[in-house]
Amino acid sequence: MTTSMRGDVKDISLAPRGKGRIEWAAKEMPVLRLIRERFTQDQPLKGVRMSGCLHITTETANLAITLKAGGADLNLCASNPLSTQDDVAAALISEYGIPTFAIKGEDEQTYYRHINAVLDHKPNMTMDDGCDLVSTLHTTRTELIPSIIGGMEETTTGVIRLRSMERDGVLRFPVLAVNESDTKHLFDNRYGTGQSSIDAIIRSTNILLAGRTIVVFGYGWCGRGVASRAHGMGANVIVTEVDPVRALEAVMDGYRVMPGIEAAEVGDIFITVTGDVNVIDRPHLERMKNGAIIANSGHFNDEINIPALEALSVKKRRIRDFVDEYTYADGRQVHLLAEGRLVNLSAAEGHPASVMDMSFANQALGAEYMLIHASEMQPRVYTLPAALDKEIARLKLRAMGVRIDTLTPEQDKYLNSWESGT
């Protein structure tokens, strides 16, 4: 373990390997590269102290390099105990000079020590993936709040927590919900979570998905992506939902929809993507067949009632990396992946870089937007302007070599008038 004022990582000697992987990811992130080139010249974040609580991956490293290029004084910590790529954390310190506090597999005490370490940086701006920085600021580090300009939030779970804080009147500075941008949730949540979750399940189990029954709990953008990718690999997909509109959409998309308690008896693989607590609860666990596999792709490991699983079991063993086998009293065995933490980052590498290119373009431009407009904003949850969203999409299309149409003056006038009719 390497610990200093510059960070806390597993092994600083891993840095060369991490640097190579960061550079590989950069090849798939052309939009962020274009933003970095402008940031290097314009220095829009010059002098801003920034603390980020994010998944420490190759893609996040490219975001951090971009923010630093724009003048930010940046510190990083992990937003999940199992999502850190140790070679990337080492490279951020050694190769790029960005203090980083993150170790894959860190315990809860270390996790919050790292959060407090980046808050000791006395940030003017926060960047969260799950709202743990903002939550800590509002509970145990309130003395730092007067210097906070604002923050950014990356994921659905964090936005849910922030909106709850706003409703309760306790949020004390503005936060941009980057997750709500179309170029984030329509692509990152759907295509990113869809592919990376299936990738992690295959990596950790090496099972064939074709012919299996996969139960997806939740049909938001992440659930849509998981269901689509599972179906594409030949799985029989069941969706469970509490929202009637989403449930109807799942039916119309060709999936079976039923209550989770019924799906528990027929599923082979269960994947939660809801952002809620105990989505797979004891009654579900009691009904699962021998050999069932359970995974979570939501941000926190609250979606699966792990204490209930422990109580039902008479034996537990680690049978493969990231696979814990729980044996019930009647001999049935149920397998939990990645300790119930978000499987795509714990047991694999997270989203492909080309998807995170758009998500992190939103983060970078969000930081610039926040700095310019914070004085006009109240302690509320905001979204990025649609114009920025569309600009990110244009840059991505340009990088992909895709051209699109533009409205003619006649068409633009028609769409903005009311006089024409039948």
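Each value, and the rule that gives it
Residues numbered from 1 in each chain as written. Predicted model: local features only at pLDDT ≥ 70, side-chain atom pairs only at ≥ 80, totals over all residues. Heavy atoms only, no water. Helix = DSSP H or I, 4+ residues; strand = E, 2+ residues; numbered from the N terminus. Buried < 20%, exposed > 50% of the residue type's maximum accessible area, 1.4 Å probe, protein only. Contact = heavy atoms within 4.5 Å. Areas by Shrake-Rupley, 256 points an atom, 1.4 Å probe, with all protein chains shown as cover. Pairing = 2+ DSSP bridges. Right-handed = clockwise from strand over helix to strand, strands pointing away. Phe/Tyr/Trp six-rings, centres within 6.5 Å; stacked < 30°, edge-to-face > 60°. Lys NZ or Arg CZ within 6 Å of the ring centre and 35° of its normal. Salt bridge = Lys/Arg side-chain N within 4 Å of Asp/Glu carboxyl O. 1 Å grid on protein atoms, 1.4 Å probe; cavity = no way out; pocket = protein on both sides within 12 Å on 5 of 7 lines; lining within 4 Å. Points joined across faces, edges and corners; volume = space filled by probe spheres on them. Nonpolar A, V, L, I, M, F, W, Y, C, P; charged D, E, K, R; others polar. Core = buried A, V, L, I, M, F, W, Y, C linked by side-chain atoms within 4.5 Å.

Check the secondary structure of the chain and you find 17 helices and 17 strands. Overall, the C-alpha framework of the chain stretches about 70 × 65 × 45 Å when taken along its three principal axes. Across the 422 residues of the chain, 55% fall into the buried class. Long-range contacts, defined as pairs at least 24 residues apart, comprise 72% of the intrachain contacts of the chain with a sequence gap of at least 6. Of the accessible surface of the chain, which amounts to about 18,600 Å², a share of 51% is contributed by carbon and sulfur atoms.

Paired through their backbone hydrogen bonds, the strands of a sheet run either parallel or antiparallel. Taken in spatial order, the eight strands line up as β11-β10-β9-β12-β13-β16-β15-β14 in an open sheet, and their pairing is mixed. Edge positions in the sheet fall to β11 (256–257) and β14 (313–320), since each has one partner strand and no second.

Take the pairing of strand β6 (residues 125–128) next. In β6, alternate side chains face the same way, and those of Met 125 and Met 127 on one face and Thr 126 and Asp 128 on the other are all buried. Two strands pair when backbone bridges link them, and strand β3 (residues 49–54) and β6 are joined in this way by four bridges, in the parallel orientation. Across the sheet, Met 50 pairs through a bridge with Met 125, a residue of β6. Bridge analysis of β6 against strand β7 (residues 150–153) gives four bridges, and the strand direction is parallel. Following the sheet pairing, Asp 128 is matched in β7 by Glu 153. Handedness of the β6-helix α6 (residues 132–139)-β7 crossover: right-handed.

What follows deals with the packing of aromatic side chains. Counted according to the given criterion, the structure contains four aromatic pairs. Ring geometry for Tyr 111 against Tyr 112: centres 5.0 Å apart, planes inclined by 90°, an arrangement best described as edge-to-face. When the centroid spacing of 6.4 Å and the interplanar angle of 45° are considered together, the rings of Phe 217 and Phe 270 count as tilted. One end of the pair, Phe 217, is in strand β9 (residues 213–217); the other, Phe 270, is in strand β12 (residues 269–272), with 53 residues separating them in the sequence. Overall, Phe 217 belongs to the buried group, its relative accessible area being 2%. Geometry around Trp 221 places Arg 224 over its ring, the cationic atom sitting 4.1 Å from the centre. Positioned above the aromatic ring of Tyr 382 is the side chain of Arg 380, whose terminal nitrogen or guanidinium carbon lies 5.0 Å from the ring centre.

Any two side chains of opposite charge can pair if their charged atoms end up close together. Within this structure, the stated rule accounts for 25 salt bridges. The shortest N-O distance in the salt bridge between Arg 141 and Asp 120 comes to 3.0 Å. Residue Arg 141 is found in the loop between α6 and β7, and its partner Asp 120 is found in the loop between α5 (108–119) and β6; the two are separated by 21 residues along the sequence. When its relative accessible area of 13% is taken as the criterion, Arg 141 is described as buried. Notably, a salt bridge pairs Glu 143 with Arg 141, separated by 3.0 Å at the nearest N-O pair. One continuous salt-bridge network, built from bridges that share partners, spans Arg 17, Arg 21, Asp 87, Asp 199, Arg 203 and Glu 349.

Right, let's talk about unusual backbone geometry for a bit. One non-glycine residue, Cys 131, adopts positive backbone phi at about 80°. Tracing the backbone through its elements, the reader meets Cys 131 in the loop between β6 and α6. Even without being a glycine, Ala 338 presents a positive backbone phi close to 55°. Along the chain, the position of Ala 338 falls in the loop between β16 (333–337) and α14 (343–346).

Approximately 1,000 Å³ is the volume attributed to the largest pocket. For the largest pocket, the lining is made up of 49 residues, of which Thr 156, Thr 157, Asn 189, Cys 222 and Val 273 are closest to its centre. Secondary structure elements with two or more residues in the lining of the largest pocket: α3 (58–69), α7 (156–167), α8 (182–205), α9 (221–232), α14 and α15 (353–373). Considering only residue class, the lining of the largest pocket consists of 13 nonpolar, 23 polar and 13 charged. Taken as a whole, the second largest pocket encloses approximately 390 Å³ of empty space. Forming the boundary of the second largest pocket are 15 residues, of which Lys 390, Ala 393, Arg 394, Leu 397 and Ile 404 lie nearest the centre. Secondary structure elements with two or more residues in the lining of the second largest pocket: α8 and α16 (386–400). Looking at the lining of the second largest pocket element by element, the count peaks at seven residues for α16. In the lining of the second largest pocket, the residues fall into six nonpolar, two polar and seven charged.

The next thing to look at is the side chain of Gln 85. On the secondary structure map, Gln 85 appears in the loop between β4 (73–78) and α4 (86–94). Given the relative accessible area of 10%, Gln 85 is considered buried. Contacts of Gln 85, omitting those with residues within four sequence positions, involve Arg 21, Ile 56, Thr 57, Thr 58 and Glu 349.

Counting residues in hydrophobic clusters, the biggest one holds 52 residues, and the most contacted among them are Met 50 and Leu 67. Counting residues per element, this core draws most heavily on α15, which supplies nine residues. Contacts of Met 50, omitting those with residues within four sequence positions, involve Leu 45, Leu 67, Ala 72, Asp 73, Leu 74, Asn 75, His 121, Pro 123, Met 125, Met 127 and Ala 367. The next biggest cluster of nonpolar side chains, apart from the first, holds 28 residues, and it includes Ile 198, Ala 235, Ile 269 and Val 343.

These results come straight from atomic positions and should not be treated as a statement about function.
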